[in-house]
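Listed below, chain by chain, are the residues.
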Amino acid sequence: MTNRLVRSFRTILAAVAIAAFIAPVGTAVAEHGSDTFTIATRLTDSKFDPAFHFAEFDAVNILNTYEGLVVPVKGKPPTGQLAESWKASADGKVWTFKLRNDVTFHDGRKLTANDVVYSMDRFLTLGKGYSSLLKGILDVGNTKALDESTVEFTLNSSFGPFVDVLVQFYVVNSELLKANQKPGDFGANGDYGTDYLLSHDAGSGPYKLDSFVPDRRRVFVAYGDYRGGWSEAHFKRIVVEIVGETATARSLLTAGDVDFVDQWQPLDFYKNLKGQAGINVNEDADNKLYVVQMNTTRPPFDDVNFRKAVLYAFDYNTANDIILGGAIKANGPVPSAMPGHDASISGYTYDVTKAKEYLAKSKYKPGEITLNWDYIKAGAHEEMALLMQSNLKAVGIDMKITAEQWPTLSKNAAKADTAPHFFPVYNTAKYPTPDAFTYAMYHPVNHGQWQASAHFNDAAVSKLLEEARSTPDAAMRNQKYGQATKMIVDDAASLWVGYTIHRVALRDRVKNYESKGLMAFDLNVYNLRH
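From a predicted model like this one, the values you see are computed outputs, not experimental measurements.

Q: Even after reading the chapter, I still don't get the nonpolar core, so can you show me in this structure?
A: Soluble globular proteins: nonpolar side chains tend toward being buried together. Grouped together as the largest cluster of nonpolar side chains are 128 residues, with contacts concentrated most on Leu69, Phe97, Phe153, Trp373, Met384, Phe422 and Trp496. Ranked by residue count, the leading element in this core is helix α3 (residues 113-126), at seven residues. Sequence-distant contacts of phenylalanine 153, that is, excluding residues within four places in its chain, are made with Leu69, Lys93, Val94, Trp95, Phe97, Val116, Met120, Leu138, Asn142, Thr143 and Phe162. With 21 residues, the next largest nonpolar core counts Phe48, Val60, Val504 and Tyr513 among its residues.

This is the structure in structure tokens:
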């Protein structure tokens, strides 16, 4: 451990209070060598099971320790990672993947088609994380190993974005999990190794889990036999430090004690770092939506007129220009950088007169109900809450603001009877199609997931989204997503604020950094150099 780093952390920790909603950095810190890539984040999560992975919080754990059949490419369709090639049957129901033959897991065992079969059946059986994307599309038992390196998926129906969705499917070491499974709810598979993966990994990715302190630190080290090999310029070690205070993150970065501060800091954090020696602030257009989900089952949001009143009462210019620092005003859920975005949708504008007109049409009256805004202290959520509170006050509506930790927020948002009136989130594309912002947010099959916390349910929209998914041709498929989007916007299902800029701050010794426009894939550390 370097004395400089220890002194730096101790000085900072003595000078600042750590925010109560998030775990503080410990008094001891991980060693920081030249081949160590150190990330400072204010988000806490220590999941290492890819079947449970569902947020940016744990993405860095998963995509550095596991691999999938395909991996996203910025602005292009996914490319192969474990898969060398793939093809679909003429009816789009049977997909056959040929695997690489040079992949080994972290225990040295060769990855085979049987591992893919086990991983997919485990993924679907556990029913967590991104498995909902394949719900009704692929059933347990419909993934077959044709030989050691060939896998066949037989879908229930044609599913156009199948390869796109697979960017969120990861392959686990089946033999390792079988050897470590405990008795559980899944018959011969026991607990499916879920307890083991609370504190281990079972992947084939470039890094292995070395150690972690829950909600404080995670350490990963290079897997020496990784098929891609290692150069002197690769980072051989990843340290993720949970840093709750913005001032602490700034001090650590400027001192060179961390290499990277992620996107979850206030706008001023990045503005103030621009131009400082040794630091780069990276800004890119993003497939990310800042959205305030409104619980459409909870009074007064079960009344479309009340929802429209709120959408017209909101000051979008202040939100996008000042609070989000130049975000593009959203006209609906699909970001403008995403294929399939429909620019002809007009969306909603700041119009207090219209807001009052819709309030007059509503069965609920201002002053009858106090709305709740529950949020995590990250990004712009607090400033956005104060803006909304002020905007609503102007039309006679009261709003209570409550800060919560993410586990509580996501748990409450998952159920219609506990989801708050307002739940603001940054919704980053999880896979590269409009499906990620339509089906995933507004089809009832996804109720129970935080991104679907509007609990929207419209039979005509659901039918159209299902038709879109079953359309093989991408252009025709996107047209149907566009039609569904118009219906969702007409029904004021959410408050779509802006399509945001992806901002991160990093030391200039870090090379090859590129925003991918998809859920944390920029933090695949194997792609970086020093």
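Q: Explanation requested: the packing of helix α14 (residues 459-469) against helix α15 (residues 474-490) in the structure shown.
A: Two quantities define a packed helix pair, namely the angle between the axes and the distance from one axis to the other. With their axes 8 Å apart at the nearest point, α14 and α15 run at an angle of 165° to one another. When the axis of α14 is compared with that of α15, the two are roughly antiparallel. In this structure, α14 meets α15 at a crossing whose hand is left-handed. Across the interface between the two elements, Ala460, Val461, Leu464, Leu465, Glu467, Ala468 and Arg469 from α14 touch Arg477, Lys480, Tyr481, Gln483, Ala484, Met487 and Ile488 from α15. Class assignment of the residues belonging to the contact of α14 with α15 gives a composition of nine nonpolar, one polar and four charged.

Q: Help me out: how do you make sense of the layout of surface pockets in this one?
A: Leftover empty space is mapped by rolling, across the atoms, a probe with the size of a water molecule. Empty space within the second largest pocket amounts to approximately 500 Å³. Around the second largest pocket, the lining comprises 27 residues; the ones closest to its centre are Gly75, Lys76, Pro77, Pro339 and Pro432. Mapped onto the lining of the second largest pocket, the elements with two or more residues apiece are β3 (76-80), α4 (162-165), β12 (279-294) and α15. A breakdown of the residues in the lining of the second largest pocket according to their chemical character gives 15 nonpolar, six polar and six charged.

Q: It is not clear to me how the packing of helix α8 (residues 304-313) against helix α10 (residues 352-361) should be interpreted in this structure. Could you clarify?
A: Packing of α8 against α10 leaves a shortest axis separation of 8 Å and a crossing angle of 165°. What the angle tells us is that α8 and α10 run roughly antiparallel. The element α8 and its partner α10 pack so that their crossing is left-handed. Along its contact with α8, which presents Asn305, Phe306, Lys308, Ala309, Tyr312 and Ala313, the element α10 presents Val352, Lys354, Ala355, Tyr358, Leu359 and Lys361. Tallied by class, the residues present in the contact of α8 with α10 amount to eight nonpolar, one polar and three charged.

Q: Please explain the packing of aromatic side chains as it appears in this structure.
A: The geometry of an aromatic ring pair is captured by two quantities: the separation of the ring centres and the angle between the planes. For the structure on display, the rule yields 31 aromatic pairs. Judged by centre distance (5.9 Å) and plane angle (50°), the ring pair of phenylalanine 37 and phenylalanine 260 falls under tilted. Here the residue phenylalanine 37 occupies a position in strand β1 (residues 36-41), and phenylalanine 260 occupies one in strand β11 (residues 260-261), the gap between them amounting to 223 residues. Each member of the pair, phenylalanine 37 as well as phenylalanine 260, is classed as buried. Taken together through their ring pairs, the aromatic side chains of Trp86, Trp95, Phe97, Phe153, Phe159 and Phe162 make up a single cluster. We note lysine 288 situated over the ring of tryptophan 264; from NZ or CZ to the ring centre the distance is 5.4 Å. The residue whose ring lies beneath lysine 361 is tyrosine 358, and the NZ or CZ to ring-centre distance is 4.6 Å.

Q: I'm lost on the sheet that holds strand β4 (residues 83-88) in this one. Help?
A: Read from one edge of the open sheet, four strands run β4-β5-β7-β6, paired in antiparallel fashion. Each edge of the open sheet is held by one strand with a lone partner, namely β4 and β6 (143-147). Taking the axes of each pair of neighbouring strands and ignoring which way they run, one obtains an average angle of 20° across the sheet. Both β6 and strand β7 (residues 150-154) contribute to a ladder of four bridges, which runs antiparallel. Across the sheet, the residue bridging to threonine 143 is phenylalanine 153, located in β7. Where α3 meets the sheet, its contacts fall on β5 (94-99), β6 and β7, and the angle it forms with β6 comes to roughly 175°.

Q: Teacher, can you tell me more about the pairing of β12 here?
A: The pairing of β12 with strand β17 (residues 494-507) spans twelve bridges and is antiparallel. In the strand pairing of β17, valine 292 is matched with leucine 495. As paired elements, β12 and strand β16 (residues 422-428) share seven bridges and run antiparallel to each other. Following the sheet pairing, lysine 288 is matched in β16 by threonine 428.

Q: I keep staring at the pattern of salt bridges and nothing clicks. Help me out?
A: Where side chains of opposite charge bring their charged atoms close, a pairing between them can arise. The full count for this structure, using the stated rule, is 20 salt bridges. The partner of arginine 122 in a salt bridge is aspartate 49, with the nearest N and O atoms 2.7 Å apart. You can see arginine 122 sitting in helix α3 and its partner aspartate 49 sitting in the loop between β1 and α2 (56-65), a full 73 residues away along the chain. Each of the two residues, arginine 122 as well as aspartate 49, counts as buried. Lysine 486 serves as the salt-bridge partner of aspartate 342, at 3.7 Å between the closest nitrogen and oxygen. On the criterion of sequence distance, the pair formed by aspartate 342 in the loop between β13 (328-329) and α10 and lysine 486 in helix α15 is long-range, its members being 144 residues apart. One network of salt bridges, in which partners are shared, links Lys274, Glu283 and Arg503.

Reading guide: rules and limits
Residues numbered from 1 in each chain as written. Predicted model: local features only at pLDDT ≥ 70, side-chain atom pairs only at ≥ 80, totals over all residues. Heavy atoms only, no water. Core = buried A, V, L, I, M, F, W, Y, C linked by side-chain atoms within 4.5 Å. Buried < 20%, exposed > 50% of the residue type's maximum accessible area, 1.4 Å probe, protein only. Helix = DSSP H or I, 4+ residues; strand = E, 2+ residues; numbered from the N terminus. Contact = heavy atoms within 4.5 Å. Axes fitted to C-alpha atoms, helices over the stretch in contact; angles between N-to-C directions. Parallel < 35°, antiparallel > 145°, perpendicular 65-115°, else oblique. Left-handed = near helix turned anticlockwise from the far one by under 90°. Nonpolar A, V, L, I, M, F, W, Y, C, P; charged D, E, K, R; others polar. 1 Å grid on protein atoms, 1.4 Å probe; cavity = no way out; pocket = protein on both sides within 12 Å on 5 of 7 lines; lining within 4 Å. Points joined across faces, edges and corners; volume = space filled by probe spheres on them. Phe/Tyr/Trp six-rings, centres within 6.5 Å; stacked < 30°, edge-to-face > 60°. Lys NZ or Arg CZ within 6 Å of the ring centre and 35° of its normal. Pairing = 2+ DSSP bridges. Salt bridge = Lys/Arg side-chain N within 4 Å of Asp/Glu carboxyl O.

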